[in-house]
Amino acid sequence: MKLILTEQMQACVKSALNSSEFPKEQVEEAETIVNVELCGTKEYPISVDLLKQLPKLGENVYLHELMKGSGVYIEPKPVKPKNPEFEAYLEKLREQQKEKEYNEMVASAITSKDQKFNLGIQPDEIKEIKTHIVSIFNIGFSMVAVFAAAYKASQTMIDDYGWQILIGLSGAAIIGIVEGLLYAKYAFESTTGDKRKKKAKHKITTL
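Just so you know, these numbers come straight off a predicted model, no measurement behind them.

So, how was this worked out
Throughout, residues of each chain are indexed from 1 in the direction in which the sequence is written. With the structure being a predicted model, the display of local features is reserved for residues of pLDDT at least 70 and the display and counting of side-chain atom pairs for 80 or more, all residues being used for whole-chain, interface and lining totals. To obtain the side-chain values, all non-hydrogen atoms of the structure were used and water was disregarded. In plain words, nonpolar cores are sets of buried Ala, Val, Leu, Ile, Met, Phe, Trp, Tyr and Cys residues tied together by side-chain atoms within 4.5 Å. Burial here depends on accessible area, computed with a 1.4 Å probe over protein chains only, as a share of the maximum for the residue type. Under 20% is buried, over 50% is exposed, and the range in between is partly exposed. Counting from the N terminus, the helices are the DSSP runs of H or I reaching at least four residues and the strands are the DSSP runs of E reaching at least two. By the convention used here, residues are in contact when the closest approach between their heavy atoms is within 4.5 Å. Within this analysis, patches are made of residues with over 30% relative accessible area and no salt bridge. Like charges are joined at 9 Å or less; nonpolar side chains (Val, Leu, Ile, Met, Phe, Trp, Tyr) at 5 Å or less. Note that accessible areas follow from Shrake-Rupley with a 1.4 Å probe, and for residues the cover is restricted to the protein chains shown. We define a salt bridge as a side-chain nitrogen of Lys or Arg found within 4 Å of a carboxyl oxygen belonging to Asp or Glu. Only rings of Phe, Tyr and Trp enter the pairing, Trp through its six-membered ring, and a pair is recorded when the two centres are within 6.5 Å. The plane angle decides the type: under 30 degrees is stacked, over 60 is edge-to-face, the rest tilted. Note on method: axes are straight lines fitted to C-alpha atoms, helices fitted across the in-contact stretch only, with angles between N-to-C directions ranging 0 to 180 degrees. Note that the term roughly parallel is reserved for angles under 35 degrees, roughly antiparallel for angles over 145, roughly perpendicular for angles of 65 to 115, and oblique for everything else. Should the near helix be turned anticlockwise from the far one by less than a right angle, the crossing is left-handed, and should it be turned clockwise, the crossing is right-handed. In this classification, the charged set is Asp, Glu, Lys and Arg, the nonpolar set is Ala, Val, Leu, Ile, Met, Phe, Trp, Tyr, Cys and Pro, and all remaining amino acids, among them Gly, are polar. The score called pLDDT rates the predictor's confidence residue by residue, from a low of 0 to a high of 100. Working definition: the arc comes from the directions between the helix axis and the C-beta atoms, pointing outward to the latter.

**Considerations on the nonpolar core**
So, step 1. With 17 residues, the main nonpolar core has Val 13, Ile 46, Leu 50, Leu 51 and Leu 54 as its most contacted residues.
So, step 2. Elements represented by at least two residues in this core include exactly α1 (7–16), α2 (27–34) and α3 (48–56).
So, step 3. When sequence neighbours within four positions are dropped, the list of residues in contact with Leu 51 reads Leu 3, Met 9, Ile 46, Leu 63 and Leu 66.

Structural data, given as structure tokens:
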């Protein structure tokens, strides 16, 4: 076992080295200890075997007195050299993470600008509005087409211009009612479905 070297221990070792009875197998350790500069927080070891020899070599001190202010010396863990390839890999990961965070920040800013331009309407809602507009336009187009077809067909059957217009308008009205009912059904189902999705999403979020 080794203890932490103190100034008192160092002084006793230095004095004991002058003795002719100093054990040869511990001379090397003793000389190393004598040349150590005790400064700062760095700790240096000294073996218990060497400390036990000091009272025997004429040093007017007891072992327990030498051990005052000392403690068990713990060998510091060797610092492993860094792997350049691993460090390069870590640096690459850091750069990728920074780029990802930057892209998310930019995407968030762009989304905010788009929402501001769209008067705060969400993209899904804009898509739904476009669908409704297209459906209404198709209904109008269908009514015009049916009116034209019915008007042309009536010209081959009757010569009265008023009846021709009336037949054309009747056909347009019928197709308009049918298309309108289908559109109303679609709009109702679409609105109900969106509400259900929002409720389900809200429930999942609040779990």
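Having seen it, we continue.
**Notes on a nonpolar patch on the surface**
So, step 1. A cluster of nonpolar side chains, Met 1, Val 72 and Ile 74, forms an exposed patch at the surface whose accessible area comes to about 380 Å².
So, step 2. Take Met 1: it is sitting in the segment before β1 (2–4).

**Observations concerning the packing of aromatic side chains**
So, step 1. Evaluation of the coordinates by the stated rule reveals two aromatic pairs.
So, step 2. Arranged with centres 6.2 Å apart and planes meeting at 10°, the rings of Phe 147 and Tyr 151 form a pair that is stacked. With Phe 147 and Tyr 151 both in helix α6 (residues 123–155), this residue pair falls four residues apart, about one helical turn.
So, step 3. Taking the relative accessible area as the measure of exposure, Phe 147 reaches 25% and is therefore partly exposed.
So, step 4. Considering the side-chain rings of Tyr 151 and Tyr 161, the 6.3 Å spacing of their centres and the 85° angle between planes classify their relative orientation as edge-to-face. With Tyr 151 in helix α6 and Tyr 161 in helix α7 (residues 161–206), this pair connects stretches of sequence that are 10 residues apart.
So, step 5. Looking at Tyr 151, the relative accessible area reads 18%, which means it is buried.
So, step 6. A residue is classified by how much of its surface remains accessible, and Tyr 161, at 53% relative accessible area, is exposed.
So, step 7. Put simply, the rings of Phe 147, Tyr 151 and Tyr 161 touch in pairs and so form one group of aromatic residues.

**Observations concerning the pattern of salt bridges**
So, step 1. Tallying each qualifying case throughout the model produces one salt bridge.
So, step 2. Between Arg 94 and Glu 91 there is a salt bridge, and its shortest N-O distance comes to 3.0 Å. Taken as a pair, Arg 94 and Glu 91 lie in helix α5 (residues 84–117) at a separation of three residues, close to a single helical turn.
So, step 3. According to the relative accessible area criterion, Arg 94 is partly exposed, its value standing at 41%.

**A short note on the packing of α1 against α2**
Each pair of packed helices can be summarised by the angle the axes make with each other and by the distance between the axes.
So, step 1. Two elements in contact, α1 and α2, have axes separated by 9 Å at closest approach and are oriented at 125°. The pairing of α1 with α2 is recorded here as oblique in orientation. The way α1 lies across α2 gives a crossing that is left-handed. Residues Gln 10, Val 13 and Lys 14 of α1 pack against Ala 30, Ile 33 and Val 34 of α2.
So, step 2. Its residues assigned to classes, the contact of α1 with α2 shows four nonpolar, one polar and one charged.

**Things to note about the side chain of Thr 6**
So, step 1. For Thr 6, the location among the structural elements is in the loop between β1 and α1.
So, step 2. Residues within four places of Thr 6 in sequence aside, it is in contact with Leu 38, Leu 66, Lys 68, Gly 69 and Ser 70.

**Here's the deal with the environment of Ala 150**
So, step 1. Mapping Ala 150 onto the fold places it in helix α6.
So, step 2. The class for Ala 150 is buried, based on a relative accessible area of 16%.
So, step 3. A sequence separation of 20 residues divides Ala 150 from Ser 170, and the C-alpha atoms of the two residues are 8.5 Å apart.

**Focus: the confidence of the model for the protein**
Regions with low pLDDT should not have their predicted coordinates read in detail.
So, step 1. Averaged over all residues, the pLDDT of the protein is 77; the fraction at 70 or higher stands at 82%.
So, step 2. Note on residues 200–207: pLDDT is under 50 here. Beyond four places in sequence and across chains, it has zero contacts.

**Observations concerning α1**
So, step 1. Looking only at α1, the buried set comprises Met 9, Gln 10, Cys 12, Val 13 and Ala 16. Considered in projection along α1, the buried side chains sweep an arc of 165° and stay on one side of the axis. Seen from the buried face of α1, the exposed residues on the opposite side, beyond 90 degrees, are Glu 7 and Lys 14.
So, step 2. Residues of α1 that are buried make contact with β1, α2, β2 (45–47), α3 and α4 (63–66).

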